[in-house]
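Descriptive analysis of the structure
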Amino acid sequence: GAVVSQHPSWVICKSGTSVKIECRSLDFQATTMFWYRQFPKQSLMLMATSNEGSKATYEQGVEKDKFLINHASLTLSTLTVTSAHPEDSSFYICSPVATDTGELFFGEGSRLTVL
Amino acid sequence: RKEVEQDPGPFNVPEGATVAFNCTYSNSASQSFFWYRQDCRKEPKLLMSVYSSGNEDGRFTAQLNRASQYISLLIRDSKLSDSATYLCVVNRGGSYIPTFGRGTSLIVHP
């Protein structure tokens, strides 16, 4: 079946540093990618929707200059958390939508801890 | 009112029990509905889509009530391996953007 590769799975960084999370669809193309964030015991909260080759659409309350999304190809999207702070510690999950079927897939998630 | 609401539980049931979860959604224009399963510290995995006429997949039955804007998931003959969080997902009305409920925790014990 289709596979999504998201990495790093775990990252611990110091406050003020930037962290890049990559999400690759390995055997399908994804024109659209959702990025979610999940805090403990909370639901997945949509951060932004990106479409290949265009700027991402951010949800209300999500700072676009802090969470940089690049979706330069149909198989790769990245999320960069810039100048990370402890409150950014969370579980980040990418969700590519298969272009041909519209099916939704999920990466395995990246657990970010900011010290 | 939240877009998608679920009782967080936990539901603590013995093996073999039947358990049902409900989920309500606020946008009457929503057209697509799903149940996902999420294990601790893992990504969600699709359990089943929910169709207007209701649908069944083995021990799992999903129902949709558009008039009351809720969907349900029934699990029969619970197994230990069913222990997880069950997420209700509703596409935002008029779009394909999925909105997740906070999930209902199920614990199946021996």
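Description of the structure in this document. (Residues numbered from 1 in each chain as written. Chains lettered and ligands numbered in written order. Predicted model: local features only at pLDDT ≥ 70, side-chain atom pairs only at ≥ 80, totals over all residues. Heavy atoms only, no water.)

It is worth spelling out the interface of chain B and chain A at this point. By convention, interface size is frequently given as the accessible area that disappears when the constituent parts associate. Listed per partner, the contact involves 14 residues of chain B and 20 residues of chain A. Across the chain B to chain A interface the summed buried area is about 1,400 Å²; carbon plus sulfur atoms make up 57%. The three residues of chain B that bury the most area against chain A are Arg 41, Glu 43 and Phe 100 of chain B, which together make up 35% of that side's buried surface. At the junction of chain B and chain A, the tally comes to 1 salt bridge. The salt bridge involving Arg 92 of chain B is made with Glu 59 of chain A; its shortest N-O contact spans 2.9 Å. (Contact = heavy atoms within 4.5 Å. Buried area = accessible area lost by both parts, 1.4 Å probe. Salt bridge = Lys/Arg side-chain N within 4 Å of Asp/Glu carboxyl O.)

Moving on to the layout of surface pockets. Roughly 540 Å³ of volume is contained in the largest pocket. Looking at the largest pocket, it is lined by 19 residues, and the ones nearest its centre are Gln 38, Pro 40, Lys 41 and Gln 42 of chain A together with Thr 85 of chain B. Here the residues of the lining of the largest pocket sort into 6 nonpolar, 7 polar and 6 charged. In this structure, the second largest pocket spans a volume of roughly 440 Å³. Lining the second largest pocket are 24 residues, and of these Ser 43, Leu 44 and Met 45 of chain A together with Thr 99 and Phe 100 of chain B sit closest to its centre. Looking at the lining of the second largest pocket, the elements that each hand over two or more residues are strand 4 (30-38) and strand 5 (45-51) of chain A together with strand 1 (4-6) and strand 10 (98-100) of chain B. Within the lining of the second largest pocket, the residues separate by chemical class into 10 nonpolar, 7 polar and 7 charged. (1 Å grid on protein atoms, 1.4 Å probe; cavity = no way out; pocket = protein on both sides within 12 Å on 5 of 7 lines; lining within 4 Å. Points joined across faces, edges and corners; volume = space filled by probe spheres on them. Nonpolar A, V, L, I, M, F, W, Y, C, P; charged D, E, K, R; others polar. Helix = DSSP H or I, 4+ residues; strand = E, 2+ residues; numbered from the N terminus.)

What follows concerns the environment of Gly 107 of chain A. Structurally, Gly 107 of chain A can be placed in the loop between strand 9 (90-98) and strand 10 (110-114). Measuring from C-alpha to C-alpha, the distance between Gly 107 of chain A and Val 4 of chain A comes to 5.1 Å, with 103 residues separating the pair along the chain. Sequence-distant contacts of Gly 107 of chain A, that is, excluding residues within four places in its chain, are made with Val 4, Gln 6, Ile 93 and Cys 94 of chain A together with Glu 43 of chain B.

Another point: empty space enclosed by the protein. Residues and elements named next belong to chain B. In the structure shown here, the tally under the stated rule is 1 cavity of 30 Å³ or more. The calculated volume of the largest cavity comes to roughly 30 Å³. In terms of lining, the largest cavity is formed by Glu 3, Val 4, Ser 26, Asn 27, Ser 30, Val 90, Asn 91, Arg 92 and Thr 99. Among the residues forming the lining of the largest cavity, the class breakdown is 2 nonpolar, 5 polar and 2 charged.

Let's shift gears to the sheet that holds strand 7 (residues 60-65) of chain B. All names here are of chain B. With respect to topology, 5 strands assemble into an open sheet ordered 1-3-8-7-6, the strand pairing being antiparallel. The open sheet has two edge strands, strand 1 and strand 6 (55-57), and neither has a second partner. Pairwise comparison of adjacent strand axes, ignoring direction, gives a mean angle of 20° for this sheet. Pairing of strand 3 (residues 19-25) with strand 8 (residues 70-75) involves 6 bridges; the strand directions are antiparallel. Looking at the pairing, Ala 20 lines up with Leu 74 of strand 8. (Pairing = 2+ DSSP bridges. Axes fitted to C-alpha atoms, helices over the stretch in contact; angles between N-to-C directions.)

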